[in-house]
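Each chain, written out:
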Amino acid sequence: MDACVRDIGTLLTMDRPGDSEGIRDAAVLIRQGRIAWAGPARDLDPASVRGLPTVSAEGGLVTPGLVECHTHLVFAGNRAGEFEDRLSGRSYEEIAQAGGGILATVRATRQASDDELLRLAEERARDFLEQGVTTLEVKSGYGLDLEQELRLLRVIGRLGQRVPVTVVPTFLGAHAIPPEGRGDRAAWVRDLRDRWVPAVARQGIARFCDVFCESMAFLVGEAEEILQAGLQHGLRPKIHADQLSDCGGSALAARVGAVSADHLDRAPESSFPALARAGTVAVLLPGCMAALGRRDFPDARPLRRAGVRVALSTDFNPGTSPTRNLPLMGTFGMAWCGLTLWETWAALTIWAAAALGMEGEVGRVAPGMAADLVAFRGEDPRGPFYEYGTSRVSWVMRGGRLAFRRDAREGAGAPESPAVGRGEGDG
Ligand code: NIG
Ligand code: FE
């Protein structure tokens, strides 16, 4: 797909560390679905754009397509009742102990057909797309037996064919230990390590192996066995680390060279230099605060001081974070996690891409990168976070094709036909 994006009020390429001013009056040239050139419109060679379809950003802000690097998108049912229960003082852990929590979603998910799971997942993935997301990581983890986990990973694979979003699959068989595994934990972990991980790797349906490392889930030694098995089979490690307690998850992330360590709400600062040395990205998930009724937002500043790259994500899941609004996590990142404006954009683009090992493919507007772009109403790079909660997205492009476009509002004085090519998805 070849095209030229014009009328860009401000272009944030994320290619210049610390620059949140961006390039004013910019243009982007796209060849075969990749960025061929980006810069001030006045430097564009007229001969190079002759005959190319034009996409107008209508004077707005254009950024790299957003990268959502941590979701639990495939599940059935909902847990609104637990959300309300927590208001009366029941904790996430208590609800889980009583058979609710992750296991409640596992029961609903096991009963749903593949087509029903796919339908739900597709609707949710489109919600993400409309918020500017062009790369979407999706974890399994609500099957909790090998056949069910493989089924969820197959649904994730089909999802990537159905929506114009780049879907990145993660195996999270180690999300919780179901009742049938609690009698003999060691045997359950061995089974995950010796049978589930190799089976998933053999089928080539996951890129990463993730573990929920927590006193209520997998202890650090158990998590290490599973992640090491993943590594041996070519699945790179990711970890849900130190969310509810300091249980050694962040230190483990550095030890196994995890591509990301996620949550880190209770992680000790002493583990941060090792994370920096390992190149592990810290993924902060401030959306969990609202659903859990907590106010102690994860702090990005000590991580940044230690030289750790920080990404932001919704952690979309039915228990601790039911939101699909990734830009809103940017608002939380700035307001409550202590990120600067540039760091916040990085946390949703290049650093989130690094949390998926994809920094060479997505997350920047530079020659050779995928032509994944978002246009926002208004040219101010602060706008999408400042005007939080309301979508400012006018269109989303994935691989050089328009994947979503917000319709011009009737009677809002919008031109008859906005100067934007026809939207076309991939599937
Ligand atoms: O990332 N922490 C573990 N997993 C999810 C919650 C899953 C659930 O409650 O269903 C999380 O917060
Ligand atoms: Fe999670």
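Below, the structure is looked at part by part. Treat the numbers as computed from the prediction; the structure is a model and nothing was measured.

Quick look at the overall build of the chain
When helices and strands are tallied, the chain shows 17 helices and 16 strands. Against the compact-globule benchmark of 22 Å for 427 residues, the chain has a radius of gyration of 21 Å, which places it among compact chains. Along the three orthogonal principal directions, the C-alpha set of the chain runs to about 70 × 45 × 45 Å. A sequence separation of at least 24 residues applies to 69% of the contacts in the chain between residues at least 6 apart. Put simply, the chain shows about 16700 Å² of open surface, and 47% of that area lies on carbon and sulfur atoms. The chain carries 49 positive and 55 negative side-chain charges, and their two centres are separated by 2 Å.

A short note on the pairing of strand S10 (residues 236-241)
Along S10, five of the six residues are buried, which leaves the element largely enclosed by surrounding structure. Of the pairings in the sheet, the one linking strand S9 (residues 208-213) to S10 comprises six bridges and is parallel in character. The residue of S10 that forms the bridge with Phe212 is His240. The parallel pair S9 and S10, bridged by helix H9 (residues 220-232), forms a crossover whose chirality is right-handed. Relative to strand S11 (residues 260-263), S10 runs parallel, the two sharing four bridges.

Side note on the coordination of the iron ion (ligand 2)
Taken together, His70 (NE2), His72 (NE2), His240 (NE2) and Asp315 (OD) make up the full set of protein donors to the iron ion (ligand 2), lying 2.1 to 2.3 Å away. Exposure remark for His70: the relative accessible area of 0% places this residue in the buried category. Assessed through its relative accessible area of 2%, Asp315 is described here as buried.

Side note on helix H14 (residues 326-335)
The buried fraction of H14 is high, at eight of 10 residues. Within H14, the full set of buried residues consists of Leu326, Pro327, Leu328, Met329, Gly330, Thr331, Phe332 and Gly333. In the core, the buried residues of H14 are packed alongside strand S6 (66-68), strand S7 (133-139), helix H12 (287-292), strand S13 (310-312), helix H15 (341-348) and helix H17 (383-386). Two or three places before Leu328, at the start of H14, stands the capping residue Asn325, its side-chain oxygen 3.0 Å from that residue's backbone nitrogen.

What counts as what
- Residues numbered from 1 in each chain as written.
- Chains lettered and ligands numbered in written order.
- Predicted model: local features only at pLDDT ≥ 70, side-chain atom pairs only at ≥ 80, totals over all residues.
- Heavy atoms only, no water.
- Helix = DSSP H or I, 4+ residues; strand = E, 2+ residues; numbered from the N terminus.
- Rg over C-alpha atoms; globule rule 2.2 N^0.38 Å.
- Contact = heavy atoms within 4.5 Å.
- Areas by Shrake-Rupley, 256 points an atom, 1.4 Å probe, with all protein chains shown as cover.
- Lys, Arg positive; Asp, Glu negative; His and termini not counted.
- Charge placed at Lys NZ, Arg CZ, Asp CG, Glu CD.
- Buried < 20%, exposed > 50% of the residue type's maximum accessible area, 1.4 Å probe, protein only.
- Pairing = 2+ DSSP bridges.
- Right-handed = clockwise from strand over helix to strand, strands pointing away.
- Donors = N, O, S within 2.8 Å, 3.2 Å for Na, K, Ca; no water.
- Polar contact = N/O pair within 3.5 Å; in protein donor to acceptor, adjacent residues only side chain to side chain.

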